[in-house]
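A closer look at the structure
The primary structure of each chain is shown beneath.
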Amino acid sequence: MRKLLFENLIRLPLTEPPPPPSDAAMEELAAGIGAASRRRLGRSLSIRAVDAGSCNGCEMEMHALSNAFYDIERFGIRFVASPRHADVLLVTGPVTKNMQEALERTYNATPAPKWVVALGGCARDGGCFAGSYAVIGGVSMVVPVDLHIPGCPPSPTDILRGLLALLEHVNEGGRAS
Amino acid sequence: MPTLSDILKKGRSVPHHAPWPRAVVDAAVWTAAASTLPEGRLTLLDLWGEASAVHMALLDEPAGTTAVLSLEGLAGGGYPSVAQLHPPALRLERALRDLTRLEPRDLPDRRPWLDHGRWDLRRPLGERGIALPGVGPYAFLPAEGDGLHQIPVGPVHAGIIEPGHFRFTANGETVVRLEERLGYVHKGIEALMAGADLIRGAQLAGRTSGDSTVAYAYAFSQAVEAALGLVVPIRAVWLRALMAELERLANHLGDIGAICNDAAFPLMLAHCGVLRERVLRAADAAFGHRLMRDRIVPGGVTSDLNGDGAGGLRSLLAEIRRRFPALIELYDNTASLQDRTVGTGRLGAALAREYGAGGYVGRASGRAFDVRQVLRYPPYDSLVFDVPVLNDGDVNARVWIRIREIEQSLLLIEQIIDRLPMGPIFSGIPSVGERREGMALIEGFRGDILVWLRIAPGGGIERCHLRDPSWFQWPLLEAAIEGNIVADFPLCNKSFNCSYSGHDL
Ligand code: SF4
């Protein structure tokens, strides 16, 4: 183990420069500014991931955010284990009927100010599962959504761009529900 | 002990079912076949229903073949339950009952499975009925005794994981019973399939379990091609296997890192995560999508491998070969890590065999089954590879199977790039004038994925059924955790890494 650790001291870091925040996300968020809550989060965001019916493709790319290339924690963004600790719910999947209540309860358990990010095409409008007897549709059918990040699944860079836009928005005192 | 072909002779063979036979049998033959399952010559591969028919797919491993037995023309009276004779069928039959109107007679567990009482209709694949009002509580199995307490977990879990509910009954730290409740991510995929065209069918199949998007699209396409008698260009056949091996590589690397992380050793996660990311980037460069989604379609593949893509894959192989051995050594020589994985979550060989457990779950518990080797679908019939098998059945063995399979996948990828035939990558779908049925079994990273479908004249999908390997692995997790401490559950669970979405459909 020592050899491996030592080698890493002399290897160049793999972490890549951050992508610019997504313009589309900035626009969607700017449009959302309403009742401005001016609470500053000190440039940090705690995210609680909620799979509301995804195929788990979106989760795979969410996991990738923590690898050395994207290293999401350097931006002060981290995944937390409880909605009670979260500022942001990152929701994936078409919301299934069987997950509706769990999503609502997770949302209600998250203290304000809070933001909801709908991740992936399914989270927007149900994606290719829309219209099924077992699916409600996009996340906004169940809880208010502040930002959509498109893709099937969105690449880690896309997710990062969206979250960085959210981080800037939050620090400027954007809407919080 | 009857062979599969003995049983098939007692039924009426169905025309236009390929590549393996399907026979309509009577209830007596059905029950006789089910009652031979515990003897172990035949393995239950799948069980599914339609409005008035049930089908059971069986594997005759010594003979290297499979077949489907069907009961047709069923009405209100239902059909004889398989689970009463062979427990691995239990959840399949509970799901079948939820989705069709058919009643498995003498089913030992009559609780619903996928239907949580929240859909706005009942029996979506049978004669649809209106939903019953109100959601009743789910009756978990009782566990009685002094000092027992229950720990409910989920459906929303603490990490970035799919939803499901786990009900632990523990005595102090020790788990005496785990009961799973699944179905939370049921999206109704099989009902969406009915009436869809083949293109949409392939998309839906590729979204059944995102981590196995290649394997599902592969299985779906192969089932369509079997049904239509379509011969796929040889280059596409090889490219499919290339994508499948890349998917296996990425997932196994991710799993090894995640298992070690759950044993509080994040260094492995960091290093495996880097290698996994390199695989996904090479896949993106070679095929235009990190997960290679929608790249396999009926008729062939949608993106070709060019010289740059192949070069990228070769340097990927070199990079993994340079870095991975040090990680294996690190895993093997870290006593604190071994302390957590060795002897933890042991699954016995008898259960693995009975449940026909596929993938690393089966192969870590002595079941040497790999579709690539047993059914030898092309191009694996002309590739050289080993199927690693271990007998310990613990978390450690499931890690080692993955390590060995990574090595095998590297060899396979190399052989494929070296010998990739030239030529077209797609051939058009012929239209046929009659009903056709097809089936495919593909080895995904998690185990064997089965797809069965019926195509209507004109090319629409009439019925498509997809069976994830997790159907037979989830129940075994309940067995493997027994007697372990609650704190080792994440470790055991990760070493199984069953799919929720693939199971819930
Ligand atoms: S958007 Fe795509 S990857 Fe994400 S859950 Fe939906 S189908 Fe899966």
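Since we're looking at a predicted model, the values are computed, not measured.

A few words now on the nonpolar core. Among the nonpolar cores identified, the biggest contains 180 residues, and B:Phe220, B:Leu242, B:Met268 and B:Phe324 are the most heavily contacted of them. With 15 residues, helix 7 (residues 234–262) of chain B is the single largest residue contributor to this core. Composition of this core by domain shows at least three residues from each of domain 1 (4–105) and domain 2 (189–503) of chain B. Residues within four places of B:Phe324 in sequence aside, it is in contact with B:Leu253, B:Ile256, B:Leu275, B:Ile403 and B:Ile406. With 29 residues, the next largest nonpolar core counts A:Leu65, A:Phe69, A:Ile77 and A:Val117 among its residues.

Residues and elements named next belong to chain B. Extensive coverage of strand 18 (residues 461–467) is indicated by the burial of 6 of its 7 residues. One ladder, built from 6 bridges, connects strand 17 (residues 448–455) with strand 18; its direction is antiparallel. Bridge pairing in strand 18 places Leu453 opposite Cys464.

Time to look at the site of the ligand. Neighbouring the ligand are the residues A:Ser54, A:Cys55, A:Gly57, A:Cys58, A:Gly120, A:Gly121, A:Cys122, A:Gly151, A:Cys152, A:Pro153, B:Arg207 and B:Arg293. Among the chains of the assembly, those with residues near the ligand are chains A and B. Only helix 3 (57–64) and helix 5 (121–125) of chain A provide two or more residues apiece to the shell around the ligand. In the shell around the ligand, the residues fall into 5 nonpolar, 5 polar and 2 charged.

What follows concerns the sheet that holds strand 13 (residues 174–181) of chain B. All names here are of chain B. Read across the open sheet, the 3 strands follow the order 11-12-13; overall the sheet is antiparallel. What marks the edges here is a single partner per strand, and that holds for strand 11 (148–153) and strand 13. On average, adjacent strands in this sheet sit at an angle of 20° to one another, irrespective of strand direction. Strand direction decides the pairing type here: strand 12 (residues 165–171) and strand 13, joined by 7 bridges, are antiparallel. When the bridges of strand 13 are listed, Arg167 appears paired with Glu179.

Residues and elements named next belong to chain B. Domain parsing of chain B yields domain 1 (4–105) and domain 2 (189–503). Of note, the centres of domain 1 and domain 2, computed from C-alpha atoms alone, are 26 Å apart. Between domain 1 and domain 2 lies a buried interface of about 2500 Å² when both sides are counted; carbon and sulfur atoms form 60% of it. The three residues of domain 1 that bury the most area against domain 2 are His16, Trp48 and Arg91, which together make up 24% of that side's buried surface. Summed over the shared surface of domain 1 and domain 2, the number is 4 salt bridges. The shortest N-O distance in the salt bridge between Arg91 and Glu478 comes to 2.7 Å. Inspection of the domain 1/domain 2 interface yields 10 residue pairs in polar contact (both at pLDDT 80 or more). In terms of residues, the side of domain 1 that touches domain 2 owes the most to one element, strand 4 (residues 42–49), which gives 7 residues.

At the interface, 55 residues of chain B touch 49 residues of chain A. Where chain B abuts chain A, roughly 4100 Å² becomes buried across the two surfaces, and 61% of that area is made up of carbon and sulfur atoms. Its largest share of buried area at the contact with chain A, chain B owes to B:Arg118, B:Ile160 and B:Lys187, together 18% of the area lost on that side. Taken together, the links from chain B to chain A amount to 4 salt bridges. Residue B:Arg290 pairs with A:Glu61 through a salt bridge whose shortest N-O separation is 2.5 Å. Run the count over chain B and chain A and you get 25 residue pairs in polar contact (both at pLDDT 80 or more).

Turning next to the state of the cysteines. Residue and element names in this part refer to chain B. According to the stated counting rule, one finds 0 disulfides over all chains in the structure shown. Here Cys260 is not cross-linked by a disulfide; its sulfur's nearest cysteine counterpart is in Cys272, at 6.5 Å. For Cys260, a relative accessible area of 0% corresponds to the buried category. Unpaired in terms of disulfides, Cys492 finds its nearest cysteine sulfur in Cys498, a separation of 11 Å.

Residue and element names in this part refer to chain B. With respect to the element layout, Tyr79 can be found in strand 7 (residues 79–80). The residues contacting Tyr79, other than those within four sequence positions of it, are Trp30, Val54, Leu71, Leu74, Glu93, Leu96, Leu102, Glu103, Pro104 and Arg105. Reaching out from Tyr79, the side chain makes a polar contact with the side chain of Glu93 at a distance of 2.8 Å.

Residue and element names in this part refer to chain B. Judged by pairing direction, the sheet is mixed, and its 5 strands sit side by side in the order 1-3-6-5-4 without closing on themselves. Each edge of the sheet is formed by a strand with only one pairing partner; in this case those strands are strand 1 (12–13) and strand 4. Set on the sheet, helix 3 (residues 90–99) makes contact with strand 4 and strand 5 (54–60); between it and strand 4 the angle comes to about 15°.

On to the packing of helix 7 of chain B against helix 9 (residues 307–333) of chain B, then. Residues and elements named next belong to chain B. Between helix 7 and helix 9, the least distance of the axes is 13 Å, while the angle of their chain directions is 30°. Judged on the interaxial angle alone, helix 9 and helix 7 are roughly parallel. Like other packed secondary-structure pairs, helix 7 and helix 9 cross with a definite hand, here left-handed. Here Leu242, Leu246, Leu249, Leu253, Ile256 and Cys260 of helix 7 come into contact with helix 9, specifically with Leu313, Leu316, Ile320, Phe324 and Tyr331.

Under the 1.5 Å per step criterion, the end-to-end length of helix 6 (residues 156–171) of chain A is 22 Å for 16 residues, consistent within 8% with the ideal 22 Å. Considered for burial, the residues of helix 6 of chain A that qualify are A:Pro156, A:Ile159, A:Leu160, A:Gly162, A:Leu163, A:Leu164, A:Ala165, A:Leu166, A:Leu167, A:His169, A:Val170 and A:Asn171.

Quick look at the pattern of salt bridges now. Residues and elements named next belong to chain B. Per the counting criterion, the structure on display carries 44 salt bridges over all chains. Where Arg111 meets Glu179, a salt bridge forms, and the shortest distance between an N and an O atom there is 2.9 Å. Highlighted residues: Arg111 in the loop between strand 8 (104–105) and strand 9 (121–122) and Glu179 in strand 13, separated in sequence by 68 residues. Here Arg111 matches Glu179 in class, with each residue buried.

Rules used in this analysis
Numbering of residues begins from 1 in every chain and follows the order in which that chain's sequence is written. Both sets of labels track the order of writing: A upward for chains, 1 upward for ligands. Note on the predicted model: pLDDT of at least 70 is required for a residue's local features to be given, and 80 or more for side-chain atom pairs to be given and counted; whole-chain, interface and lining totals, by contrast, use all residues. Only heavy atoms go into the side-chain values, all of them from the structure, while hydrogens and water stay out. In these notes, a set of buried Ala, Val, Leu, Ile, Met, Phe, Trp, Tyr and Cys residues joined through side-chain atoms within 4.5 Å is what counts as a nonpolar core. Working definition: with a 1.4 Å probe on protein chains only, accessible area under 20% of the residue-type maximum means buried, over 50% means exposed, and in between means partly exposed. Strands here mean DSSP runs of E at least two residues long; helices mean DSSP runs of H or I at least four residues long; both are numbered from the N terminus. For the domain bounds, the source is a domain assignment made automatically or taken from a database. Throughout, a contact is declared for two residues whenever any of their heavy atoms are within 4.5 Å. Pairing between strands requires that DSSP locate at least two bridges from one strand to the other. The cutoff for a nearby residue is simple: one of its non-hydrogen atoms must lie within 4 Å of the molecule or strand. Only Asp, Glu, Lys and Arg are considered charged, only Ala, Val, Leu, Ile, Met, Phe, Trp, Tyr, Cys and Pro nonpolar, and every remaining residue, Gly among them, polar. Under this scheme, a helix contributes an axis fitted over its contacting stretch, all axes are lines through C-alpha atoms, and angles between N-to-C directions fall in the 0 to 180 degree range. Buried area: the accessible surface (1.4 Å probe) lost by two parts on joining, summed over both. The term salt bridge refers to a pairing of a side-chain nitrogen on Lys or Arg with a carboxyl oxygen on Asp or Glu at a separation within 4 Å. Polar contacts, as counted here, are pairs of nitrogen or oxygen atoms within 3.5 Å of one another; within protein the pair requires one atom able to donate a hydrogen and one able to accept it, and residues that are adjacent in sequence qualify only if both atoms are side-chain atoms. Defined by distance alone, a disulfide is two cysteine sulfur atoms within 2.5 Å. Our angle categories are set so that under 35 degrees counts as roughly parallel, over 145 as roughly antiparallel, 65 to 115 as roughly perpendicular, and the remainder as oblique. In this scheme the crossing of two helices becomes right-handed for a clockwise turn of the near helix relative to the far one and left-handed for an anticlockwise turn of less than a right angle. Every helix has an expected span of 1.5 Å times one less than the residues it contains.

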